[in-house]
Structures are given as C-alpha cells and as structure tokens.
Amino acid sequence: KGHYQERMIGLNEQNELIFVSGSAGIDEALLPANYNFEPEGSIFEISPARSALMQQITEMLLQNSGAALLIDYGFTTAGFADTLQALKNHKFDNVFAHPGEADITSHVDFSALNKIAVDLGCSTQITTQGEFLLSLGLLDRAGQLGHGKQEDIQQKIRTDVERLAAPDQMGNLFKVLIVTCNEPHPQTEH
C-alpha cells in the first residue's frame, strides 16, 4: 500500500489548472481507522480551517452557556470520498473551469465537528435535515399555510416541503448538528 499525500493544484504543460500530489505525506492519525483498506487513489478530505472555526464556536458556547445549530450538506461518518465541487449559476461546474466565478465547496464532515464539541464537554445530536424539520412540525405548519388556499398554492407548498425534507432531495443530503453547552466556565486570567 502507498501512503497518503496532500492533493494540491498545479499547472500542466498547456498552462491549465490540474490536481497534483504534494511532496509531504499525511499524518495517519488524521485518517479514519479503516484507511488501510481503501484502494490506491482514494481521497480523504479534511478541513483544518473548518475544525478551527468549530473549536472557536464551541469555546464561545462554553464561556457563555449557549447552543449552536449547524446545517449544511455533508456526512455523519468520516470516510473516503471526493466531494469538492463547483457551482455556477445553480449548476455543477468543473472546479477549474471558471476560477473566481464559480462557488467552490465540499461536503461537511459532521462527525469531525461533533467530536470537537464532545471533546470540549458539550452535548450534541446529529440528524438529517428531513428528520429535524419534521420533528419541528414541518407538516403541521405546511398544512396551516395551505389551509383554504387555491390548489396551485397548496401544490407549491407540498413541492417545497418535499424539496426540504424528502430523503431523495435535501432531506438526507443536509445534516443538522445541534450543540449545547449548559455550564459557563469561569474566565481565567493569563
């Protein structure tokens, strides 16, 4: 088995952007436990900036006894996948096709964010957006909004509810991380 390397961006002979392998290896402690069983060329995404932001958010919650609700598309178990993507005009685009014009994004590793909050002493819960919205009464609220309205308005509400909560639409793709930190910690002087 080979070793994991950082994937970087470089230029080919035609002066086009391409992915290239970095020269340094990756600390194996950052990889999931099953990394030895992945085929050559597998991609594992980590986001140090995202983790640092979660650390800051959690520390602020601990200092002020608060809660956070994080919602985005992502996954709940760390794994190997290439989720880097570009979106331009609400359509998928090649990540190198329109630099500076397309939005570049990747799926959030909610298990990594969850671990940070738990390790710092907060309570957490991860669920899908569909389950979360249904537990908040999405169907009842949709019924209230559509009650007595014309059929086309009722159909629009049904379509919007399905888009937000259906498993084959945003319902399973988007995840929700609920973080609560109930006891404020005393400020320490440095």
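First things first, this report covers the structure right here in the doc. It should be emphasised that the depicted structure is a prediction, and the values quoted were computed from it without experimental measurement. (Residues numbered from 1 in each chain as written. Predicted model: local features only at pLDDT ≥ 70, side-chain atom pairs only at ≥ 80, totals over all residues. Heavy atoms only, no water.)

1. Remarks on the packing of helix H4 (residues 138-146) against helix H5 (residues 151-165)
Then, number 1: The contact between H4 and H5 brings their axes to 9 Å, and the two run at 160°. The angle between the axes of H4 and H5 places the two elements in the roughly antiparallel class. The two elements H4 and H5 meet at a crossing, and its hand is right-handed. Counted together, Leu 138, Leu 139, Ala 142, Leu 145 and Gly 146 of H4 and Gln 154, Ile 157, Val 161 and Ala 165 of H5 form the full contact between these two elements.
Then, number 2: Here the residues of the contact of H4 with H5 are counted per class, giving seven nonpolar, two polar and no charged. (Axes fitted to C-alpha atoms, helices over the stretch in contact; angles between N-to-C directions. Helix = DSSP H or I, 4+ residues; strand = E, 2+ residues; numbered from the N terminus. Parallel < 35°, antiparallel > 145°, perpendicular 65-115°, else oblique. Left-handed = near helix turned anticlockwise from the far one by under 90°. Contact = heavy atoms within 4.5 Å. Nonpolar A, V, L, I, M, F, W, Y, C, P; charged D, E, K, R; others polar.)

2. Description of unusual backbone geometry
Then, number 1: With a phi angle near 65°, Asn 15 is a residue other than glycine that sits in the positive phi range.
Then, number 2: Here Asn 15 is to be found in the loop between strand E1 (5-11) and strand E2 (17-25).
Then, number 3: The class for Asn 15 is exposed, based on a relative accessible area of 58%.
Then, number 4: You will see that His 90, though not glycine, has its phi angle at about 65°, which is positive.
Then, number 5: Checked against the element boundaries, His 90 lands in the loop between strand E4 (85-88) and strand E5 (91-93).
Then, number 6: Residue classification places His 90 among the exposed positions, given a relative accessible area of 83%. (Buried < 20%, exposed > 50% of the residue type's maximum accessible area, 1.4 Å probe, protein only.)

3. Details of a nonpolar patch on the surface
Then, number 1: A cluster of nonpolar residues, Ile 9, Leu 11, Leu 17, Phe 19, Leu 84 and Ile 104, forms a patch on the protein surface that exposes about 520 Å² of accessible area.
Then, number 2: Counting only elements with at least two residues in the nonpolar patch, the list comes to E1 and E2.
Then, number 3: When you line up the elements, Ile 104 lands in strand E6 (residues 103-105). (Patch = residues over 30% accessible without salt bridge, like charges linked within 9 Å, V, L, I, M, F, W, Y side chains within 5 Å. Areas by Shrake-Rupley, 256 points an atom, 1.4 Å probe, with all protein chains shown as cover. Salt bridge = Lys/Arg side-chain N within 4 Å of Asp/Glu carboxyl O.)

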